[in-house]
Amino acid sequence: MSDVELVLRSAKVVTPDGTHPASVLVADGRIVAVAPYGTPAPDGARVEDFGDDVLLPGLVDTHVHVNDPGRTAWEGFASATRAAAAGGVTTLVDMPLNSVPPTTTVRALEAKWAVARRSAHVDIGFWGGAVPGNVADLRPLHDAGVLGFKAFLLPSGVDEFPPLAPDQLETALREIAGFGGLLIVHAEDPQLIDGAPAPVGPRYADFLASRPRAAENEAIAGLIALARGLDARIHVLHLSSADALPLIAAARREGVRVTVETCPHFLTLTAEEVPDGATEFKCCPPIREAANQDALWVGLAAGEIDCVVSDHSPCTADLKVDDFGRAWGGISSLQLGLPAVWTAARRRGHTLHDVARWMSTGPAALVGLDRKGAIEAGRDADFAVLAPDETFTVDPTALHHRNQVTAYAGRTLYGVVRSTWLRGRKIADHGAPTEPTGRLLERPSRL
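Reference entry: report on the structure contained in this document. Numbers given to residues run from 1 along each chain, matching the order in which its sequence is written. At least 70 in pLDDT is required for a residue's local features to be given in this predicted model, at least 80 for side-chain atom pairs to be given and counted, and no such filter applies to totals for whole chains, interfaces and linings, which use all residues. Note that the side-chain values use all heavy atoms of the structure and ignore hydrogens as well as water.

Observations regarding the packing of aromatic side chains
In step 1: Whether two aromatic rings pair depends on their centres lying within 6.5 Å, for rings of Phe, Tyr and Trp, where Trp uses its six-membered ring; planes under 30 degrees apart make the pair stacked, over 60 edge-to-face, and the rest tilted. Within the structure shown, the criterion is met by nine aromatic pairs.
In step 2: Between Phe149 and Phe179, the aromatic rings sit 6.0 Å apart at their centres with planes inclined by 65°, giving edge-to-face as the arrangement. On the criterion of sequence distance, the pair formed by Phe149 in strand E10 (residues 149-152) and Phe179 in the loop between helix H4 (166-178) and strand E11 (182-186) is long-range, its members being 30 residues apart. Here Phe149 matches Phe179 in class, with each residue buried.
In step 3: With 5.8 Å between their ring centres and 55° between their planes, Tyr204 and Phe207 make a pair best called tilted. Within this pair, Tyr204 and its partner Phe207 are both found in helix H6 (residues 204-210), separated by three residues, close to a single helical turn.
In step 4: Residue exposure (1.4 Å probe, protein chains only): buried if accessible area is under 20% of the type maximum, exposed if over 50%, otherwise partly exposed. Overall, the relative accessible area of 2% leaves Tyr204 in the buried class.
In step 5: One aromatic cluster is present, formed by Tyr204, Phe207 and Phe324 through successive ring pairs.
In step 6: In our convention, an over-ring charge means Lys NZ or Arg CZ found within 6 Å of a ring centre and within 35 degrees of that ring's normal. Its end group placed over the ring of Trp74, Arg71 keeps NZ or CZ at 5.3 Å from the ring centre.
In step 7: Over the ring of Tyr414 we find Arg346; its NZ or CZ atom is 3.8 Å from the centre of that ring. In DSSP terms, a helix is any run of H or I states spanning at least four residues, a strand is any run of E spanning at least two, and both are numbered starting from the N terminus.

Points about helix H7 (residues 213-230)
In step 1: For H7, built from 18 residues, the straight-helix expectation of 26 Å at 1.5 Å per residue is met to within 8% by its first-to-last C-alpha distance of 26 Å.
In step 2: If you follow the buried residues of H7, they end up packed against H4, E11, helix H5 (190-195), strand E12 (233-236) and helix H8 (245-253).
In step 3: Downstream of H7 by one or two residues, Asp231 has phi in the positive range, about 50°. By this rule, a helix spans an expected 1.5 Å times one less than how many residues it contains. Contacts between residues were defined by any pair of non-hydrogen atoms, one from each residue, lying within 4.5 Å.

Observations concerning the pattern of salt bridges
In step 1: One speaks of a salt bridge when a side-chain nitrogen belonging to Lys or Arg is within 4 Å of a carboxyl oxygen belonging to Asp or Glu. Enumeration according to the criterion identifies 27 salt bridges in this entry.
In step 2: Between Glu254 and Arg228 there is a salt bridge, with its nearest N and O atoms 2.9 Å apart. Here Glu254, found in the loop between H8 and strand E13 (257-262), pairs with Arg228, found in helix H7; they are 26 residues apart in sequence, far enough to count as distant.
In step 3: Salt bridges sharing common partners tie together Asp123, Arg371, Lys372, Asp380, Asp382 and Arg423.

With respect to the sheet that holds strand E6 (residues 59-64)
In step 1: Two strands form a pair only when DSSP identifies at least two bridges running between them. Spatially, the three strands line up as an open sheet ordered E6-E7-E8, and their pairing is parallel. Taken across any chain shown, the strands that pair with only one partner, and hence form the sheet edges, are E6 and strand E8 (123-126). Each strand axis lies, on average, 20° off the axis of its neighbour in the sheet, ignoring direction. Axes here mean lines fitted to C-alpha atoms, for a helix over just the part in contact, with angles spanning 0 to 180 degrees between N-to-C directions.

Remarks on the side chain of Ser156
In step 1: With respect to the secondary-structure elements, Ser156 resides in the loop between E10 and H4.
In step 2: Those residues within four positions of Ser156 in sequence are excluded, and the remaining contacts are Leu97 and Phe161.

Notes on unusual backbone geometry
In step 1: Looking along the chain, the bond that leaves Asp68 and enters Pro69 is cis, with omega of 0°.
In step 2: When you line up the elements, Pro69 lands in the loop between E6 and helix H1 (77-86).
In step 3: Of note, the phi angle at Asp311 is positive, near 50°, even though the residue is not glycine.
In step 4: Looking at the element boundaries, Asp311 is found in the loop between strand E14 (307-308) and helix H11 (337-347).
In step 5: Overall, Asp311 belongs to the buried group, its relative accessible area being 9%.

Considerations on the environment of Arg288
In step 1: Note that Arg288 resides in the loop between helix H9 (264-268) and helix H10 (290-301).
In step 2: Separated by 155 residues in the primary sequence, Arg288 and Gly133 place their C-alpha atoms 35 Å from one another.
In step 3: Each residue touching Arg288, except ones within four places of it in the same chain, is listed here: Leu208, Arg211, Pro212, Arg213, Glu216, Ser240, Ser241, Leu269, Thr270, Ala271 and Glu272.

A closer look at the state of the cysteines
In step 1: What counts as a disulfide here is a pair of cysteine sulfur atoms lying within 2.5 Å. Within the structure shown, the criterion is met by zero disulfides.
In step 2: No disulfide involves Cys307; its sulfur sits 9.0 Å from the nearest other cysteine sulfur, which is in Cys263.
In step 3: Classification of Cys307 by relative accessible area gives buried; the value is 0%.
In step 4: Left without a disulfide partner, Cys315 is nearest to the cysteine sulfur of Cys284, which lies 12 Å away.

A closer look at the pairing of E12
In step 1: In terms of strand pairing, E11 meets E12 through four bridges, oriented parallel. Within E12, the residue paired with Leu183 across the bridge is Ile234.
In step 2: Following the backbone out of E12, through H8 and into the adjacent parallel E13, one traces a crossover that is right-handed. A clockwise path from the first strand over the helix to the second, with the strands pointing away from the viewer, defines a right-handed crossover.

With respect to H8
In step 1: Among the residues of H8, Leu245, Ile248, Ala249 and Ala251 are the ones counted as buried. Buried positions in H8, seen along its axis, are confined to an arc of 160° and lie on one side of it. Seen from the buried face of H8, the exposed residues on the opposite side, beyond 90 degrees, are Pro246 and Arg253.
In step 2: Buried residues along H8 sit against H7, E13 and H10. As used here, the arc is the angular range of directions from the helix axis to the C-beta atoms.

Re the packing of H4 against H7
In step 1: The interhelical angle for the contact between H4 and H7, taken along N-to-C directions, is 45°, at an axis separation of 10 Å. In terms of their interaxial angle, H4 and H7 are classed as oblique. The element H4 and its partner H7 pack so that their crossing is right-handed. Contacts between H4 and H7 involve Leu169, Glu170, Leu173, Arg174 and Ala177 from the first element and Leu223, Leu226, Ala227 and Leu230 from the second.
In step 2: In terms of residue class, the contact of H4 with H7 is made up of seven nonpolar, no polar and two charged. An angle below 35 degrees is read as roughly parallel, one above 145 as roughly antiparallel, one from 65 to 115 as roughly perpendicular, and any other as oblique. Handedness of each helix crossing follows the sense of rotation of the near helix against the far helix: counterclockwise by less than a right angle gives left-handed, clockwise gives right-handed. For this scheme, ten residues count as nonpolar: Ala, Val, Leu, Ile, Met, Phe, Trp, Tyr, Cys and Pro. Four count as charged, namely Asp, Glu, Lys and Arg, and the remainder, Gly too, count as polar.

Okay, structure coming up:
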């Protein structure tokens, strides 16, 4: 232990085995041991004692739209990773849209790298995109290190990232399965969406009716059938319809390799409370009714949902017009995911051990980042220090997101992030990020 440089202590350290007093010993950016709280520090090691504040594994957010390069006015790597660090997120995975160009070729991925490596406050991985005409690009992107591939079944909202038709989806998934890759899918059925009433105007009820649960359920059923037939691995993005959980659970029992995520806004916000014209609440699929939210929590508690990630999808304020048919669909929450979920989780009787499993361990496992996601020997020394019983009121102007538009404005949340640590270095202190020290992550070679 002579090489130990840092010892972090807390009366409440969240580990895979439970939450208990402990000392976490760090050397060269990695955890070398989780020892009893009173273990003497090795000679020369710096000691930080957080008292009753909770030491959590740093969050891993595998669903973040950074939009850089090309739409940096919406969000950039510098602003997004500052927000992540301030919110206890130590690793994020960037979606292949809405940047220009989208990450559908190795050249576009290299453009992402060039921008991200200059300003990363946290570690960053990258998704590739599966779009019409780029099947030949999928294997090169995989070899370059992307963690998987995103596809849409209906228009994405930006012309440069079109959806896959059914035959194109099968071709892409067959190719991805051939090299052991992962396809992640925005699962809404385009025919059912086209057949629903078009959203026009400020009424949230009209927007909700335009994106029925059946569209999610039907799309997920189709994906399961395709994955079963091709023995492929698929992941369902941002599940909002709890009706689909029995389909997914049954498929897993059959051996279909399907995983699923949901998001903080689906677990904390309800359709009944969205004011008309409040398009900061608009996202696709939509925030649904309270009864549906209750069912999502049941599925989460039962292990039917693998992880909770932000789907941080920001835009400039002018795109959030008060017409739900015309407004950009996306919720900004990267900095607020941990307190938002913890506020709802504690009310429902869950623990921070649960939250760490949903927001750190689960997302890390999804993308195979086995040095992330838990406080145990061999992992990166990535931590969030949380005061779980303290509250704050969300002030959009205090967020590090490039555009201070959020559905959480004015809400009082539990859980103040005191500090965030990346590989044993403090990267945010009381909401103030330090100098960028993040790294660009590639897919582990065994995947």
